[in-house]
Amino acid sequence: YGMGYPPPRPSGAMDPTAATGILRMRGLPFSAMPEDIAAFFQGYAFVPESIKLTKRFDGKATGEAFVAFSAPEESARAARDLDKRTIGSRYVELFHSTTDEAARARG
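The structure presented is a predicted model; accordingly, all values stated were derived computationally and were not measured. (Residues numbered from 1 in each chain as written. Predicted model: local features only at pLDDT ≥ 70, side-chain atom pairs only at ≥ 80, totals over all residues. Heavy atoms only, no water.)

J.: Where do I start with the packing of aromatic side chains in this structure?
T.: Centre-to-centre distance and the angle between the planes together describe a pair of aromatic rings. For the structure on display, the rule yields three aromatic pairs. Measuring from ring centre to ring centre gives 6.1 Å for F41 and F46, while their planes differ by 45°; the resulting arrangement is tilted. Each member of the pair, F41 as well as F46, carries the same accessibility label: buried. A network of ring pairs unites the aromatic residues F40, F41, F46 and F69 as a single cluster. (Phe/Tyr/Trp six-rings, centres within 6.5 Å; stacked < 30°, edge-to-face > 60°. Buried < 20%, exposed > 50% of the residue type's maximum accessible area, 1.4 Å probe, protein only.)

As C-alpha cells, then:
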C-alpha cells in the first residue's frame, strides 16, 4: 500500500466521498436554528422536516446538524457548491452521511 495508494476498504464500508442523500454539517454557530439551515440550502431539493440540529447530553448545541435531500445527486450538488460557505461568521463543512449516523445523533 505504501506506493501512495490507500489500503483497500473493508467490504460494506462506506465511501466517505459517495453521495447518500444525507449531509452532516459541522461548524454551525451554536445559535443556528432550522430556519438558518433552510436558508443555507435554499435552491437545493432538501427535506425541511429532516433538519436535525444535534445537542450534547446536557442539551447544548454541538454545532452540527443533519439534512436529507430528495436524491443523492442533490446532496452531492449541495456539498460541492456550499462546502466551506458561511452561516453568520462561521464557515460550515459538509460531509456525506448515512441514515444510521443521523438517527444515532442526539437531537
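J.: I'm lost on helix α2 (residues 72-82) in this one. Help?
T.: Each turn of an α-helix holds 3.6 residues, which means side chains three or four residues apart point in the same direction. By the burial criterion, the buried members of α2 are E74, S75, A78, A79 and L82. Looking straight down α2, one finds its buried side chains confined to an arc of 135°; they lie on one side. In α2, those exposed residues whose orientation departs by more than 90 degrees from the buried face are E73 and R80. In this structure, the buried side of α2 is in contact with β1 (22-26), α1 (34-40) and β6 (93-96). K84 occupies a position one or two residues after α2 and carries a positive phi of about 75°. (Helix = DSSP H or I, 4+ residues; strand = E, 2+ residues; numbered from the N terminus. Arc of directions from axis to C-beta. Contact = heavy atoms within 4.5 Å.)

Function cannot be inferred from these measures alone, as they are strictly geometric.
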